[in-house]
Amino acid sequence: MTNAQIAAILNELADFMELSGENPFKVNAYRRAARSVENSRHAVAELRDHLEELPGVGKGTAGVIEEIIATGRSGQLEELRQQLPPELPDLLHIPGLGPKSIYTLYRELDITNLQALQTAAEQQQIRELPGFGPKKEQKILEEIARFGKRPERRLLHEALRVAHRFKEQLAKGEKIIRVEMAGSIRRLRETIKDIDFVVATREPGEVSEWIVSLPEVVEVVNQGETKVSVIVEAEGIEMSVDVRLVTPDQFASAWHHFTGSKEHNVRIRQRAKQYGWKVSEYGIFNPETEETKTFADEADFFSHLELPYIPPELREDRGEMEKAEQGELPELIRIEDYRGDLHMHSLYSDGADSIYKMAKAAQERGYEYIAITDHSQSLKVASGLTMDEIFEQWEEIQKVNEELENFTILRGTEMDILPDGRLDFPDELLEQMDIVIASIHSSFRQDEKTMTRRIVEAMENPHVDIIAHPTGRLIQRRDPYQVDIDDLFQTAADTGTILELNANPHRLDLNDELLKKAKEEYGLTFTINTDAHSAEGLANIFFGIATARRGWLEKQDVINTMPLKDLRKRLKKGK
DNA sequence: GCCGTTTTCGGCCCGACTGTTTTCAGTCG
């Protein structure tokens, strides 16, 4: 039983309890316990009688968790499933419908699923219910029509393209004093549901009118004095955008508030409460003086709560508040610390650019070195290199190296780990390489034992320096391989193998949570690489650094921050 | 159901917006 599986059952339990009108604080307690299980650094299934040490887990939820671990199920959940239609929680995904409305619809009209909801709305039955009306009925129909059409979440790189474009537009507003991104896009989460902006202005009414008139706005969802919600189309992508309008002196508080996360904000409010203050998007209210304090910037805001500045990427309530209180926040890696990209492809395999062009582009980015790591012979779909082609490539690398000043190209390979666990090149070749990356590109569906064995054996080879994209997931497209991640981390620690954070925005693999776990529990070292297939692809390092920061990585955790001499030493792995 | 440097009860983050009301409930972030 994984933490995620246990948490999923607790969350489902919370959904059903909410729908059956259970005390909201109780429902919230289950959600909190679920989150705590999910974020635990330990395998909760192994915790035994230490369950109640998890924050938000007490006697009651501990009992439920024990039952889930022992039987894989929850009697309470089964019971609720008997009492309520099993598809009812699906309706919670319809925007504008919450537990109260759904329960009313079920009780009064026997609506148990999406289809029944649509039929009832079309037959104008919903408008007759207390608390409902024609407008709500219409909105339900619109949301059903939209349901599943637009992807619920977009990849960060797509969302950022839309956000940058729309921000440029907003910045042109005459009455707009300042505009910044907030929400999950500012925290650089790997996927984004809607884009948040905070705008400072003294003329909110006028600005709100102006925003909805912008050419990128294709639909106005709602519009008030302090908030405008619209659908924006830019760069061929439609996304929902929320713009919050505040006065200039409220800006810092509002920016923090709308950056979230929700969970982080809860912790901030709880801390303020210890001083007897109330935090809102407008500032920090002191009931004794009846004054609302506003702030020059976010650092000022945090400092009023006697906290150091917490970077947006950490604001997830994954331990940042505790560390901030103790003055032990990590000094997160920055893009300026990055000296060279160690995983990229050239024309020799499936890349679009020559070695020279890749090197030149890297040099222009301020790098000191790169590694050319084309695919190996078995990966025929990507024109993997035979040994003879490798030797040819080395000659070209040497030539370009002589041509470029203060820059070094390392001889590397991204070598396939074959389905039976063998490596695609013999040791005699590997030992002549400057850098050897091993990775999986075939037989993704092997069972956990086979897959784990396959990767572990590759790490045990003294010439394999790096495992690329260690879980193989493609965000929202392909699940990770079945692999025992703790085995993998332990072997990396034992053998000195470096795990990659692949910066491709579709991969981001290892992800933020696994990075944090690998660092904290196993003390691993990482490499961040773009896996670029063209010179432009090198720019994706932005997403790698973003994910590394979300995974609490510091400069010293990442080999790409080392000077070349130290890097070469680190790559020896006891050879 | 959880929690406690206001500790075993009585709170639990806070405010905006919408659609339904005629003073507010439900939803959302």
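Only a predicted model underlies this, so the values are computations on that prediction, with no experimental measurement involved.

Structural notes on the side chain of Ser376
Okay, so step 1: Tracing the sequence through the fold places Ser376 in the loop between strand E12 (369-372) and helix H16 (387-403).
Okay, so step 2: Within polar-contact distance, the side chain of Ser376 engages the side chain of Asp424 at 2.7 Å.
Okay, so step 3: Those residues in contact with Ser376 that sit more than four places away from it in its chain are Gly384, Leu385, Thr413, Glu414, Met415, Asp416, Asp424 and Phe425.

Some thoughts on the protein's contact with DNA strand B
Okay, so step 1: The environment of DNA strand B is made up of 42 residues, and the closest members are Gly58, Thr61, Ser101, Gly133 and Arg269.
Okay, so step 2: In DNA strand B, atoms within 4 Å of the protein come 81% from sugar and phosphate.
Okay, so step 3: Here a phosphate oxygen of DNA strand B and a side-chain polar atom of Ser101 are 2.5 Å apart.
Okay, so step 4: Separating a phosphate oxygen of DNA strand B from a backbone N or O atom of Pro134 is a distance of 3.5 Å.
Okay, so step 5: By residue class, the composition of the surface near DNA strand B is 14 nonpolar, 16 polar and twelve charged.

So, the pairing of strand E7 (residues 237-246)
Okay, so step 1: By the criterion of burial, E7 is predominantly enclosed, with eight of the ten residues buried.
Okay, so step 2: In the sheet, strand E4 (residues 194-201) pairs with E7 via seven bridges, with the strands oriented parallel. Along E7, the bridge assignment pairs Asp196 with Asp242.
Okay, so step 3: Of the strand pairs in this sheet, strand E6 (residues 227-234) and E7 are connected by eight bridges, and their pairing is antiparallel. When the sheet's bridge partners are listed, Ser229 is paired in E7 with Asp242.
Okay, so step 4: Where E6 folds back on E7, the antiparallel hairpin that results is connected by two residues, among which Glu235 adopts a positive phi of roughly 55 degrees.

With respect to the UniProt feature "domain: Helix-hairpin-helix DNA-binding motif class" (unreviewed entry) in chain A
Okay, so step 1: Sequence positions flagged by UniProt for "domain: Helix-hairpin-helix DNA-binding motif class" (unreviewed entry) are, in local numbering, residues 49-68, 89-108 and 124-143.
Okay, so step 2: As a span, residues 49-68 carries 50% helix and 0% strand, and end to end its C-alpha atoms are 14 Å apart.
Okay, so step 3: Here residues 124-143 is 50% helix and 0% strand, with 16 Å between the C-alpha atoms at its ends.

Quick notes on the domain arrangement of chain A
Okay, so step 1: Parsing chain A into structural domains produces domain 1 (3-146), domain 2 (154-246), domain 3 (266-325) and domain 4 (335-570).
Okay, so step 2: Relative to domain 4, the C-alpha centre of domain 3 lies at a distance of 40 Å.
Okay, so step 3: Facing eight residues of domain 3, the contacting portion of domain 4 comprises seven residues.
Okay, so step 4: Ranking the residues of domain 3 by area buried against domain 4 places Glu313, Leu314 and Arg318 at the top, with a combined share of 79%.
Okay, so step 5: Counting across the interface, domain 3 meets domain 4 through four salt bridges.
Okay, so step 6: Among the salt bridges present, the one from Arg550 reaches Glu316, with a minimum N-O distance of 3.0 Å.
Okay, so step 7: Applying the counting rule to domain 3 against domain 4 returns four residue pairs in polar contact (both at pLDDT 80 or more).
Okay, so step 8: Class assignment for the residues of the side of domain 3 that touches domain 4 results in two nonpolar, one polar and five charged.

Quick notes on the environment of Glu298
Okay, so step 1: By the secondary structure assignment, Glu298 is in helix H13 (residues 298-304).
Okay, so step 2: Accessibility expressed as a relative area gives 4% for Glu298, which makes it buried.
Okay, so step 3: Remark: the alpha-carbon pair of Glu298 and His256, spanning 42 residues in sequence, is separated by 6.6 Å.
Okay, so step 4: Setting aside anything within four residues of it in sequence, one finds Glu298 in contact with Arg186, Ala252, Trp255, His256, Thr259, Tyr309 and Arg315.
Okay, so step 5: A distance of 2.8 Å separates a polar atom in the side chain of Glu298 from a polar atom in the side chain of Arg186.

Calculation notes
- Residues numbered from 1 in each chain as written.
- Chains lettered and ligands numbered in written order.
- Predicted model: local features only at pLDDT ≥ 70, side-chain atom pairs only at ≥ 80, totals over all residues.
- Heavy atoms only, no water.
- Helix = DSSP H or I, 4+ residues; strand = E, 2+ residues; numbered from the N terminus.
- Polar contact = N/O pair within 3.5 Å; in protein donor to acceptor, adjacent residues only side chain to side chain.
- Contact = heavy atoms within 4.5 Å.
- Near = heavy atom within 4 Å.
- Nonpolar A, V, L, I, M, F, W, Y, C, P; charged D, E, K, R; others polar.
- Buried < 20%, exposed > 50% of the residue type's maximum accessible area, 1.4 Å probe, protein only.
- Pairing = 2+ DSSP bridges.
- UniProt positions renumbered as here; feature names shortened; annotations may be inferred.
- Domains from an automatic or database assignment.
- Buried area = accessible area lost by both parts, 1.4 Å probe.
- Salt bridge = Lys/Arg side-chain N within 4 Å of Asp/Glu carboxyl O.

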